[in-house]
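One-letter residues, chain by chain:
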Amino acid sequence: MEDEKIVKMPELNYDPDPRGLGYVYYESMLKYKDKVAQIEGLTGKTDTFGDLLERSVRTALNLQERGLRPGEMVTACTNHHLNSGIPLIASMFVGATVSHLEPSMSLNETIFLLKQVMPKIMFVEQEWLENIQKALRAIDSDAEVIVFGVDDVLPPNPKEEHFAPHPVETLSQTAVVVFSSGTTGYPKGICLSHRSILCQMVNKTEGLKTEFDLMASYATPYWPASMCLQTLSITKCITRLVYPKFVQERAWEMFDYQVTVAFINAAQASLMIRQGKAADLNDDALNDLLIFGDVLSEEKVLKMRDMFPNARVHLIYGQTEIPMATTIFDVCNERDLELMRGKPNSVGTGLYGMAYKIVEVDTSAVLGPNQRGELRVKTQFQTSGYLGRDSSGIWDADGWMKTGDLAYYDQDRCFYIVGRVKEMFKFREWHIIPTVLEDILATHKAVESVAVIGVPHEMDGHRPMALVVLKESYQNTKADDIDSFLVGKINDRQRLRGGIRFVSKLPLTATGKIDRKKLRELYT
């Protein structure tokens, strides 16, 4: 009976190159050497794959001359530019492991992450050099620092002619360490293997490759999406448009170019909706706009579709622990296309080589269609665990990976994400899912943005509280107005017994997600 409730996909018919990512990068870049690899959005400067390969090989040789050995850690702290991808490529060439830090993080956050990875060599933008040096001193690290634009400008090396990447001993070897989003706790280093990255690069992307003429994303190198898209660019010969980072005042700047596929997160989509699309925006080439990173309401997805009527606007669901995607609609499959059009708030269908189940949060009992619970996944493409930490909590007793996401699937086996298990709280014996209330509150004409948290209560466990940012023209709105609006739209247990607070803004993480950990610290 349980097996009938498990969504099991066919196996992925693909054997990755046993020599690892370094060889795949090298041979792909050599094959596509005359094609444009990347365009720097702010300047219009371009790189061919041959240009990128030459600089990556020189960097790899330089890393070896500095004493870097296979398996050691290389870390970069940078926003995007034409050289920001080289630490990843060069590290794969020499058999090292790579990780990235987010430049906007505080000194304490930087120290916390550096303690986990303890790099042998670091690449740093000049702007962030002082912060990195302080952090390295704090952890008593003697890591060698390479400054972008200064130390990474390398002359020709006679060894280039006979260079060959270092093959991995096994595809299960860790290639990249990425960090969890940190929305509910401190970020953890998540180990991704050569196998998982290589397999996920072909999973449901084969049919898309002819439409990826120019792809764009604002994700900085710190985020797994950036690594995945760079790998996709190299292996599929796709030109990548890069900007240093997302700037709210220039949210639409990627459309200065003929972008065919764009990846944006839910916060960026919400901002675009608020700003509105310029009448002269050049989006004629856009085939697909994929939205990831957080729950986005059906209303907002439909607004994005109205703004881009000639493109396929759809949600994609990913987990840091499973690179690229966990569910996605296959736009080359007619049935998937039809489902995507009719189910705007679905994050897609399953991927090859994966199995999915929804379980009751308290008992782990397997649930069927249209029943909400925690999504768990079983696949060989998942993380091997947390770096230097006990990872046993990632999996349940049967070996299923706990995503920590509240979800359900419908009769067509389309998946929907409704929130995070850790964000959910109990009022008396009832589970309250904040995003359900937030979606309703967001439809109030005065509400610019909103977050719901549980306020501890002696008798009730937790009571729902709404933190509301009002639109500029509705600053006189009262809490009673919001309460009255909810009558008939929610049940008794969802009532905002914890109160309604009007705030000037909601704290966000570096990815633009609501920082619920910070909210709880501030208001509970």
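Presented here is an overview of the structure given in this document. (Residues numbered from 1 in each chain as written. Predicted model: local features only at pLDDT ≥ 70, side-chain atom pairs only at ≥ 80, totals over all residues. Heavy atoms only, no water.)

1. Thoughts on the overall build of the protein chain
Scanning the protein chain for helices and strands turns up 14 helices and 28 strands. For the protein chain, whose C-alpha radius of gyration is 23 Å, the value lies close to the compact-globule estimate of 24 Å for 524 residues. Taking the principal axes of its C-alpha atoms as reference, the protein chain extends roughly 75 × 50 × 50 Å. Counting the 524 residues in the protein chain, one finds 58% classified as buried. (Helix = DSSP H or I, 4+ residues; strand = E, 2+ residues; numbered from the N terminus. Rg over C-alpha atoms; globule rule 2.2 N^0.38 Å. Buried < 20%, exposed > 50% of the residue type's maximum accessible area, 1.4 Å probe, protein only.)

2. What to know about the packing of helix 7 (residues 194-202) against helix 8 (residues 224-236)
Running from N to C, helix 7 and helix 8 cross one another at 65 degrees; their axes reach a closest spacing of 10 Å. By the angle class used here, helix 7 and helix 8 are roughly perpendicular. The chirality of how helix 7 crosses helix 8 is right-handed. For the pair helix 7 and helix 8, contact is made by Ile197, Met201 and Val202 and by Met227, Cys228, Thr231, Leu232 and Lys236, respectively. Here the contact of helix 7 with helix 8 is composed, by residue class, of 6 nonpolar, 1 polar and 1 charged. (Axes fitted to C-alpha atoms, helices over the stretch in contact; angles between N-to-C directions. Parallel < 35°, antiparallel > 145°, perpendicular 65-115°, else oblique. Left-handed = near helix turned anticlockwise from the far one by under 90°. Contact = heavy atoms within 4.5 Å. Nonpolar A, V, L, I, M, F, W, Y, C, P; charged D, E, K, R; others polar.)

3. Considering the pairing of strand 14 (residues 312-315)
Residues in a regular strand project their side chains so that they alternate between the two faces of the sheet. Both strand 13 (residues 288-292) and strand 14 contribute to a ladder of 4 bridges, which runs parallel. Within strand 14, the position partnered with Ile291 by the bridge is Leu315. For the crossover that starts at strand 13, traverses helix 10 (residues 298-307) and ends in the parallel strand 14, the hand is right-handed. (Pairing = 2+ DSSP bridges. Right-handed = clockwise from strand over helix to strand, strands pointing away.)

4. Side note on the pattern of salt bridges
Taken as a whole and judged by the stated rule, the model has 29 salt bridges. Between Asp412 and Lys343 there is a salt bridge, with the nearest N and O atoms lying 3.1 Å from each other. With Asp412 in the loop between strand 22 (401-409) and strand 23 (415-420) and Lys343 in the loop between helix 11 (334-342) and strand 17 (349-350), this residue pair connects regions lying 69 residues apart in the sequence. You can call Lys343 buried: its relative accessible area is 14%. One connected set of salt bridges, linked through shared partners, spans Arg335, Lys343, Asp410 and Asp412. (Salt bridge = Lys/Arg side-chain N within 4 Å of Asp/Glu carboxyl O.)

5. Describing the sheet that holds strand 13
Overall, mixed pairing links the 7 strands, which are arranged 3-2-11-10-12-13-14 in an open sheet. Two strands bound the open sheet, and with one partner strand each, they are strand 3 (46-48) and strand 14. Pairwise comparison of adjacent strand axes, ignoring direction, gives a mean angle of 20 degrees for this sheet. Direction of pairing for strand 2 (residues 36-40) relative to strand 11 (residues 239-242): parallel, over a ladder of 3 bridges. Within strand 11, the position partnered with Ile39 by the bridge is Leu241. The sheet contacts of helix 9 (residues 266-275) involve strand 12 (261-265) and strand 13, and relative to strand 12 the element is tilted by about 100 degrees.

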